[in-house]
Structure formats: structure tokens, C-alpha cells
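What follows is each chain in one-letter form.
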Amino acid sequence: MFAYIVRRLLYAIPILLGTTFILFVIFNIVPGDPALQLAGKHATVESLATIRAELGLDKPWYLQYFDLLKQLLSFDFGRSYATKMKITDMIREGAGTSFSLTFPVFIMSTIISLVIGVVIAIKRGSLVDKTIVTLSVAAQSVSILVYILAGQYVLAYQWGWFPISGFDPSWVDRWQYFMLPWLIYLCLAVAPELRFYRTIILDELYQDYVRTARSKGLGTKTIMLKHVLKNAMIPILTNLVISIPFLILGALLLESYFQIPGLGDLIIKAIANSDRPVIISVTVLGTAAYIVFNLLSDIMYALVDPRVQLK
Amino acid sequence: MKFLANKVNGNSLWSDALRRLLRDNLAFWSFITIALYLIIAVLVRFNLIGSEWQETIGSSRAAPTFNGSYLEWFGLDIFGRSVLTKTLQGTYTAMYVGFVSSLIAIPIGVVMGALAGYFGGWIDDLITWFYTTLSNIPEILMLVAIAIALGKGIDTVCVALGVTSWVGLARLIRAEFMKHKNREYVAAAQALGSSHARRIFKHIFPNVLHIVIIGFSLRFVVAIKSEVVLTYLGLGAEIGERASWGIMISDASGELVQGVWWGLVSATMGMFPIVLAFSLFSDAFRDAVDPKLRT
């Protein structure tokens with residue numbers, strides 16, 4: 001077990017180096033000189049040189065890459081071009097907001113889709129199963145933006161059920177602004193998730209141990225709860241853990257449309273302002289978070305299922 | 001379409017799969033829908049329909065009407081252009097993005113997966129490391145990064161989608177090649193003196209072709225939906241470059257408040273059937289060619 005964890009940890013290092021290097025290369029072929037952009041209209045040769053030296057742009061590429069790694073490890077990304085604020089603070093604030101938006105609805109959507117997924121898996125091939133599966137494929141065939149626009153226009157603007165957009169920094173009052181984004185998130189998330197859970201449960205339902213349990217005379221409820229769900233928990237939990245970085249990253253488009261100042265909104269604004277350091281740091285950090293949670297899910301997998309280490 | 005199914009002879013995997021697909025009504029109509037969209041896209045490409053999409057034909061944001069010419073059926077946009085022709089142009093753009101991004105992603109995925117699965121050893125380690133690395137960058141961030149590096153435009157969308165979406169296919173192909181490389185027919189081919197390349201492409205590849213076809217079909221679903229999101233982020237087609245469903249939907253965010261709903265509805269009605277058809281067709285095709293699901 002210990003050896004497996006160490007091996008898995010060591011394997012994360014080349015992955016982290018690889019991802020940061022790919023992002024570094026991509027961001028360094030961006031057209032346009034960041035120093036020119038920063039210096040503004042009245043740039044002189046001297047001021048350009050000073051800015052280049054400050055940003056470390058005059059160094060050879062491998063030292064610049066090294067700087068990026070140093071920034072990532074020390075969690076210090078300098079300041080934004082657009083707001084002049086410290087990027088670390090911007091990210092910390094944004095991540096908290098995003099998480100408070102996505103986490104509760106993530107739990108809700110998981111419970112709803114898991115329940116529906118289990119029920120239609122048991123009733124496989126029935127009218128209910130076919131209807132729900134077809135409906136969820138249909139629901140996924142509409143663009144995310146259409147859900148947001150239609151929800152905002154009809155439910156908030158025309159019927160006035162929800163505020164159209166906005167945000168309240170206090171933890172108590174922000175929920176009213178979250179109601180509509182949550183509703184839309186549920187519409188978006190439940191459809192693919194319930195199909196995922198249905199597939200996982202179906203994979204288990206035809207295993208030998210289920211037949212054994214049935215021939216012992218156990219009822220459907222006992223088999224589902226004590227046998228099938230327990231086994232299905234492994235892929236389900238893995239999937240949940242991998243989703244966490246995306247929760248921190250926020251529902252990019254929801255935040256942008258509803259003007260919720262989370263990490264997703266931060267990166268969309270950064271794209272609009274060509275705010276290079278913000279884009280780079282959010283991308284690099286998001287990737288690092290993804291690697292860490294991937295690692296966690298692998299380790300968890302090995303803890304629950306001893307067979308994994310044999311591979 | 002049972003009468004067509006009964007005309008298919010033979011017992012090979014493909015004739016069997018074709019027979020199953022023809023018996024499945026949902027799959028049949030999905031296929032018809034896809035064919036219809038392809039025909040529209042080709043007609044638009046050669047300017048046979050929808051070529052007048054940039055012409056002003058009436059007042060700004062005129063509502064849909066069935067009294068005038070067919071161009072006004074779906075209403076007019078802010079510049080008084082026909083929304084109907086824009087939707088048709090959008091069909092071409094969507095198919096173009098799907099097709100070009102697949103043409104980039106599929107060869108990369110197949111070659112990478114085949115090499116890793118067939119040769120194993122350090123080649124496998126290297127390729128697995130490479131695609132694990134790529135897949136560890138959250139997709140939306142990767143798309144943004146590439147789109148920023150290459151600049152705006154519809155071809156950027158294609159490249160960004162192409163280079164981010166081959167990993168899933170490569171994984172599947174690799175697993176299949178690992179299974180197949182030790183089979184007797186491959187050993188027989190080796191005994192007859194065939195080279196590695198011949199064994200990979202002539203002998204094993206036809207046996208994994210169904211995965212490639214499903215991958216191709218699913219790429220379209222991803223591509224069409226991603227084009228809309230990337231356009232909203234300001235990384236899609238440039239204004240005036242060409243009409244797209246993404247641009248129409250992004251424009252709607254300002255128009256809806258003024259009661260202009262036809263742009264959004266037209267783009268959605270254009271997009272919904274084709275995305276649905278590709279999803280359903282992929283599922284049906286998978287069921288038709290997967291012998292394990294047969295009872």
C-alpha cells in the first residue's frame with residue numbers, strides 16, 4: 001500500500017512538469033509583447049527594458065519556465081495587469097465564492113441523479129427508463145448558453161421569480177442570487193450524471209455476486225443497498241473527487257452571466273482584458289489542483305480496492 | 001426500416017451491424033438527420049443556398065412573418081439580415097468545425113493509441129505520459145490557452161478542439177491494440193513476414209474501426225457545443241467572417257430584453273436535432289457493433 005502511494009506520488013511529478021511546460025509554451029507563443037502592452041502609449045526604449053527586466057522577460061526561456069514553477073510552488077503570482085491587485089488574493093477570494101456557489105448544488109445534483117440512476121437501472125428497458133434516458137440525451141443536446149439565457153429571460157426577467165443577476169458578499173444574503181444559477185446547474189448536471197450512474201449500476205447488476213445474493217433469497221432492496229451500491233461506490237467516489245477542482249474553478253459561464261465574482265468570472269474578465277498573468281496563474285493553478293485531486297482519487301481507489309495495486 | 005434490413009446479406013460484423021442499425025428506428029432517423037444536415041452544409045458551401053446572408057432585406061429586428069418571402073420566416077437580425085439564411089450558414093459552420101476538428105483529433109488519437117498499445121515498453125510509457133499530461137489540464141482552460149495563442153477565428157476553434165479531444169480516443173485504441181496484438185491472426189501475419197506497419201494498419205486497425213467511427217460521431221457533438229461556448233468567450237469566429245450558431249446565441253444575450261427571441265430560437269432549433277442525432281447514432285452504433293452486448 002505504502003509503496004503504491006509513493007509510486008503514485010512520484011508519477012505526479014513528471015505530469016506536473018509536463019502540464020506546466022505545455023502551458024508555458026502555449027502562453028509564450030501568444031502574439032504581442034506583454035511589456036509593450038503594460039508600458040502603454042508613451043513607451044520609451046528605457047521604460048520597456050525596465051518592465052522586461054521586472055517581469056523577467058529578458059531571461060532565457062528555461063529560466064522563465066523555472067520562474068513559473070517557483071511562482072506555483074510559492075503561491076505568489078505577482079500582480080494583475082488590469083486591476084494591479086495581488087493575483088494570489090484575487091484567486092483566493094474568487095475560489096471561495098465559486099465554491100460556495102457550486103458545492104451545495106453539486107451535492108444536490110449528485111443525490112438526485114444517483115437516486116434516479118439507480119431506479120432506472122433496476123427498471124432497465126421499461127418505459128420509465130427509456131423515457132428518462134431519451135429526455136436526458138435531449139436535454140444535453142441544447143447549449144449551456146441557451147439554458148442560461150432562457151432561464152434568465154423567462155424566470156427572472158419576465159416572471160420575476162429571481163433577481164436577474166448580482167451578488168452579495170455576505171454569506172447570509174448571497175443565497176437569493178444563487179437560486180437561479182443553481183436551478184440551471186441542476187438542469188445541466190443531472191442529465192449526464194444520471195446516465196453515468198445508470199451505466200455504473202448496470203455494470204454491477206449483471207455480476208455473479210448479485211445472482212448469488214438473489215439465489216440466497218435476498219430482496220431487491222437489500223441487494224441494491226448492501227451489495228450493489230457498496231461496489232458501485234468505488235467509481236462513484238472517484239468521479240466525485242475528480243469533480244472537486246471544477247467546483248473551485250466555478251461554473252465559468254454561470255458566473256459570467258449572473259455577475260458572480262468567482263474564479264470563472266475572473267478568468268473570463270482576464271481573457272477580455274488580455275490580462276496575461278491572471279490567465280496563466282489561474283490555468284496553472286487549476287491544472288495543479290486537478291493533478292492533486294486525481295492523485296487523491298487514485299490513492300482512495302487503492303485504499304478501497306486492494307486489487308488496484310496489483311496492476 | 002425492416003424491409004431494408006432484410007435486404008442486407010452476409011454474416012460479417014459490418015453487415016450484421018448494418019442490419020441492426022436499420023432495424024433500430026431511432027438510429028435510422030438519426031442517420032437521416034445527419035445526412036440532411038450534411039447536404040445542407042454542402043449546398044451552403046457551394047453557395048447554392050443561404051449565400052445572401054450578409055444582405056439587408058428589411059428593417060432591423062423585424063419579427064418572423066409568413067407574409068413576405070421565405071427569407072423572413074425566421075425574422076431579421078439587427079442589421080436587417082435574414083435569420084433563416086444565417087441559421088443555414090450556421091449549419092455549415094457547425095459541420096465544418098466538427099469535421100475539421102475530427103480530422104485533426106482522430107489521426108492523432110489513432111496513431112498515438114496504436115503505437116502505445118502495439119509496441120508497449122518505453123514507447124507506451126512516453127505516449128501515456130504525454131496524454132495523461134494533456135488530459136490533466138482542464139479542458140476549458142486548455143481551449144482558452146490555445147485560442148489565445150492562435151488568435152481569434154473559426155480555424156482556431158477547430159485546432160483547439162482537435163488537439164484537446166484526441167486523448168479519450170487514444171486511450172480506447174491503446175486498450176484495443178493491447179488486446180489484439182497477441183491474437184493468433186497477428187502472429188500469423190508476422191509469420192508471413194508482414195511488417196509492423198502492415199500489422200498495425202492492415203490487420204489490427206480494421207478490428208478497431210468501429211471505435212474510430214463512434215469517436216468521429218461523438219467529436220461532432222463536442223465540437224458543435226464547444227463552438228458556442230468559445231464564441232461567447234470571445235474566442236470564436238470573428239464578426240463578418242461567417243455566421244455561426246455560437247454568434248447567434250451570443251448576440252441573443254443583448255437582444256432578449258428587447259423581446260427579440262427569434263435569433264436564439266432559430267440557432268437552438270438548428271443545433272438541437274443534429275446534436276441529438278449524433279448522440280443517438282453513436283449509442284446505437286456502439287450497441288450494433290459490440291458483440292458483448294448481444295444476447
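Residues numbered from 1 in each chain as written. Chains lettered and ligands numbered in written order. Predicted model: local features only at pLDDT ≥ 70, side-chain atom pairs only at ≥ 80, totals over all residues. Heavy atoms only, no water.

Visitor: Any details on the overall build of chain A? Residues and values, ideally.
Guide: Of regular secondary structure, chain A possesses 13 helices and 0 strands. Each helix and strand of chain A, placed in order from N terminus to C terminus, yields the pattern α-α-α-α-α-α-α-α-α-α-α-α-α. The dimensions of chain A, computed from C-alpha atoms along their principal axes, are 85 × 60 × 35 Å. The contacts in chain A between residues at least 6 apart in sequence include a share of 72% that link residues at least 24 apart. Of the roughly 16,100 Å² of accessible surface on chain A, a fraction of 67% belongs to carbon and sulfur atoms. When the 26 positive and 20 negative side-chain charges of chain A are each reduced to one mean point, those points stand 12 Å apart. (Helix = DSSP H or I, 4+ residues; strand = E, 2+ residues; numbered from the N terminus. Contact = heavy atoms within 4.5 Å. Areas by Shrake-Rupley, 256 points an atom, 1.4 Å probe, with all protein chains shown as cover. Lys, Arg positive; Asp, Glu negative; His and termini not counted. Charge placed at Lys NZ, Arg CZ, Asp CG, Glu CD.)

Visitor: Any chance you could break down the nonpolar core for me, citing the residues and the numbers?
Guide: Core analysis: the biggest nonpolar cluster contains 146 residues, and Ile201(A), Phe258(A), Leu233(B), Leu235(B), Trp245(B), Ile249(B) and Ile274(B) have the highest contact counts within it. Per-element accounting of this core gives the leading share, 15 residues, to helix α12 (residues 262–289) of chain B. Looking at which domains feed residues into this core, each of domain 1 (2–73) and domain 2 (88–304) of chain A supplies at least three. Apart from the residues lying within four places of it in its own chain, the contact partners of Leu233(B) are Leu252(A), Leu253(A), Ile268(A), Ile271(A), Ile140(B) and Val144(B). Membership of the second largest hydrophobic core comes to 13 residues, among which are Val186(B), Ile200(B), Val208(B) and Val212(B). (Core = buried A, V, L, I, M, F, W, Y, C linked by side-chain atoms within 4.5 Å. Buried < 20%, exposed > 50% of the residue type's maximum accessible area, 1.4 Å probe, protein only. Domains from an automatic or database assignment.)

Visitor: I'd love a proper account of the domain arrangement of chain A, names of residues and values included.
Guide: Residues and elements named next belong to chain A. We note that the domain assignment places domain 1 (2–73) and domain 2 (88–304) within chain A. In this complex, domain 1 contributes 16 residues to the contact, which on the side of domain 2 involves 16 residues. Carbon and sulfur atoms supply 79% of the area buried between domain 1 and domain 2, which totals about 1,400 Å² over both sides. If you look at where domain 1 meets domain 2, you find 1 salt bridge. Of all the elements in the fold, those that place two or more residues in the side of domain 1 that touches domain 2 are α1 (2–28), α2 (34–39) and α4 (61–74). In terms of residue count, the dominant contributor to the side of domain 1 that touches domain 2 is α1 (12 residues). (Buried area = accessible area lost by both parts, 1.4 Å probe. Salt bridge = Lys/Arg side-chain N within 4 Å of Asp/Glu carboxyl O.)

Visitor: Describe unusual backbone geometry, with residues and values.
Guide: Residues other than glycine predominantly adopt negative phi, and peptide bonds predominantly adopt the trans conformation. Of note, Gln259(A) is a non-glycine position whose phi angle comes to about 50 degrees, a positive value. Positionally, Gln259(A) belongs in the loop between α11 (252–258) and α12 (263–272).

Visitor: Describe the packing of helix α10 (residues 196–232) of chain B against helix α11 (residues 245–255) of chain B, listing the residues and the values that go with them.
Guide: Each packed pair of helices is defined by two parameters, the angle between the axes and the distance between the axes. Residues and elements named next belong to chain B. Orientation of α10 relative to α11, taken along the N-to-C sense of each, is 45 degrees, at an axis distance of 8 Å. Considered as vectors, α10 and α11 are oriented oblique to each other. Once α10 is placed against α11, the crossing between them reads as right-handed. Contact residues: α10 offers Ile224, Glu227, Val228, Thr231 and Tyr232, while α11 offers Trp245, Gly246, Ile247, Ile249 and Ser250. Broken down by class, the residue content of the contact of α10 with α11 amounts to 6 nonpolar, 3 polar and 1 charged. (Axes fitted to C-alpha atoms, helices over the stretch in contact; angles between N-to-C directions. Parallel < 35°, antiparallel > 145°, perpendicular 65-115°, else oblique. Left-handed = near helix turned anticlockwise from the far one by under 90°. Nonpolar A, V, L, I, M, F, W, Y, C, P; charged D, E, K, R; others polar.)

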